[in-house]
Amino acid sequence: MPGNLVGALGTAALVFLSGQYRFGDGAVAVAALGIAEAKVELGFVEAFFLGVLCNVLVCLAVWMSFSAHTVVGKVVVIVPPIAAFVAAGFEHSVANMYFLPVATMILDHAPADFLISIGAGDSAYPFVGAPFTILNLIPVTLGNIVGGAVLVGLVYWFVYLRKRDHDAAER
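Presented here is a report on the structure given in the accompanying data block.

Conventions adopted
- Residues numbered from 1 in each chain as written.
- Predicted model: local features only at pLDDT ≥ 70, side-chain atom pairs only at ≥ 80, totals over all residues.
- Heavy atoms only, no water.
- Helix = DSSP H or I, 4+ residues; strand = E, 2+ residues; numbered from the N terminus.
- Rg over C-alpha atoms; globule rule 2.2 N^0.38 Å.
- Buried < 20%, exposed > 50% of the residue type's maximum accessible area, 1.4 Å probe, protein only.
- Areas by Shrake-Rupley, 256 points an atom, 1.4 Å probe, with all protein chains shown as cover.
- Lys, Arg positive; Asp, Glu negative; His and termini not counted.
- Charge placed at Lys NZ, Arg CZ, Asp CG, Glu CD.
- Core = buried A, V, L, I, M, F, W, Y, C linked by side-chain atoms within 4.5 Å.
- Salt bridge = Lys/Arg side-chain N within 4 Å of Asp/Glu carboxyl O.
- Patch = residues over 30% accessible without salt bridge, like charges linked within 9 Å, V, L, I, M, F, W, Y side chains within 5 Å.
- Axes fitted to C-alpha atoms, helices over the stretch in contact; angles between N-to-C directions.
- Parallel < 35°, antiparallel > 145°, perpendicular 65-115°, else oblique.
- Contact = heavy atoms within 4.5 Å.
- Nonpolar A, V, L, I, M, F, W, Y, C, P; charged D, E, K, R; others polar.
- Left-handed = near helix turned anticlockwise from the far one by under 90°.

Some remarks on the overall build of the protein
Step number 1: What the protein contains, in helices and strands, is 7 helices and 0 strands.
Step number 2: For the protein, the C-alpha radius of gyration of 20 Å lies well beyond 16 Å, the compact-globule estimate for 171 residues.
Step number 3: In terms of its C-alpha atoms, the protein occupies a principal-axis envelope of roughly 75 × 35 × 25 Å.
Step number 4: Counting over 171 residues, the protein shows a buried share of 36%.
Step number 5: Total accessible area on the protein stands at roughly 9900 Å², and carbon and sulfur atoms take up 72% of it.
Step number 6: The protein carries 7 positive and 11 negative side-chain charges, and their two centres are separated by 22 Å.

Structure, rendered in structure tokens:
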């Protein structure tokens, strides 16, 4: 997880420093700020269960990729579950490690005249920042762990390996 955080923060910094947030007359910044605001407004329970649902689909993508025999096949099978979690608005901790910091960088470091031009003045997005990022990442990360380890991992063990463990004990 620390590597994911470093990579996400590095990517957010590169995107911010590139000025990409100004594209489309600021439409990219408005979208980034809207995404971040929606994420930090989630309650703990809601963020947790959106994290559970997300990682069920992410783990499904990983398991499905194991069944493919070519690189093209691996790419093709991972797209639907990943697209589904994005389209459904489920929460993934690593994605949030990018979205929330890039929005914070825009609010904290973009020129004031730019922020005013997109309607993001001083109080337009009061809930985006480091404390809110942490408050979002805790339930989402816990939900991702439960979704991946319990709902997928435990079910796969139950379906595929439990019988083997039982059979081995009988021998």
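So, the nonpolar core
Step number 1: Membership of the largest hydrophobic core comes to 22 residues, with the highest contact counts inside it found for Leu33, Ile106 and Leu115.
Step number 2: Elements represented by at least two residues in this core include exactly helix 1 (2-18), helix 2 (23-40), helix 5 (93-109) and helix 6 (112-117).
Step number 3: Here this core takes 6 residues from helix 5, the largest share from any one element.

Overview of the pattern of salt bridges
Step number 1: A full pass over the atoms with the stated rule returns 1 salt bridge.
Step number 2: Put simply, Lys39 and Glu91 hold a salt bridge, and the shortest N to O gap is 3.2 Å. Here Lys39, found in helix 2, pairs with Glu91, found in the loop between helix 4 (71-88) and helix 5; they are 52 residues apart in sequence, far enough to count as distant.
Step number 3: For Lys39, a relative accessible area of 9% gives the class buried.
Step number 4: For Glu91, a relative accessible area of 4% gives the class buried.

Re a nonpolar patch on the surface
Step number 1: Taken together, the side chains of Val150, Leu151, Leu154, Val155, Trp157, Phe158, Val159, Tyr160 and Leu161 make up a nonpolar region of the molecular surface, amounting to roughly 840 Å² of accessible area.
Step number 2: One can find Leu151 in helix 7 (residues 130-170).
Step number 3: For Leu151, a relative accessible area of 43% gives the class partly exposed.

Topic: the packing of helix 3 (residues 44-67) against helix 4
Step number 1: Running from N to C, helix 3 and helix 4 cross one another at 175°; their axes reach a closest spacing of 8 Å. One finds that helix 3 runs roughly antiparallel with respect to helix 4. When helix 3 is examined against helix 4, the residues Cys54, Leu57, Val58, Ala61, Met64, Ser65 and Phe66 are found in contact with a partner set consisting of Lys74, Val77, Ile78, Pro81, Ile82, Ala84 and Phe85.
Step number 2: Broken down by class, the residue content of the contact of helix 3 with helix 4 amounts to 12 nonpolar, 1 polar and 1 charged.

Describing unusual backbone geometry
Step number 1: Phi at Asp25 is positive, roughly 55°, even though this residue is not glycine.
Step number 2: Along the chain, Asp25 turns up in helix 2.

Structural notes on the environment of Ala12
Step number 1: Secondary-structure assignment places Ala12 in helix 1.
Step number 2: When the C-alpha atoms of Ala12 and Tyr98 are compared, they prove to be 5.7 Å apart, with 86 residues separating the residues in sequence.
Step number 3: Excluding residues that lie within four positions of it along the chain, Ala12 makes contacts with Tyr98, Pro101, Val102 and Met105.

Looking at the packing of helix 2 against helix 5
Step number 1: Running from N to C, helix 2 and helix 5 cross one another at 120°; their axes reach a closest spacing of 9 Å. Judged by the inter-axis angle, helix 2 sits oblique to helix 5. Classified by chirality, the crossing of helix 5 by helix 2 is left-handed. Facing Ala29, Ala32, Leu33, Ile35, Ala36, Lys39 and Val40 of helix 2, the residues of helix 5 in contact are Asn96, Phe99, Leu100, Val102, Ala103, Ile106 and Leu107.

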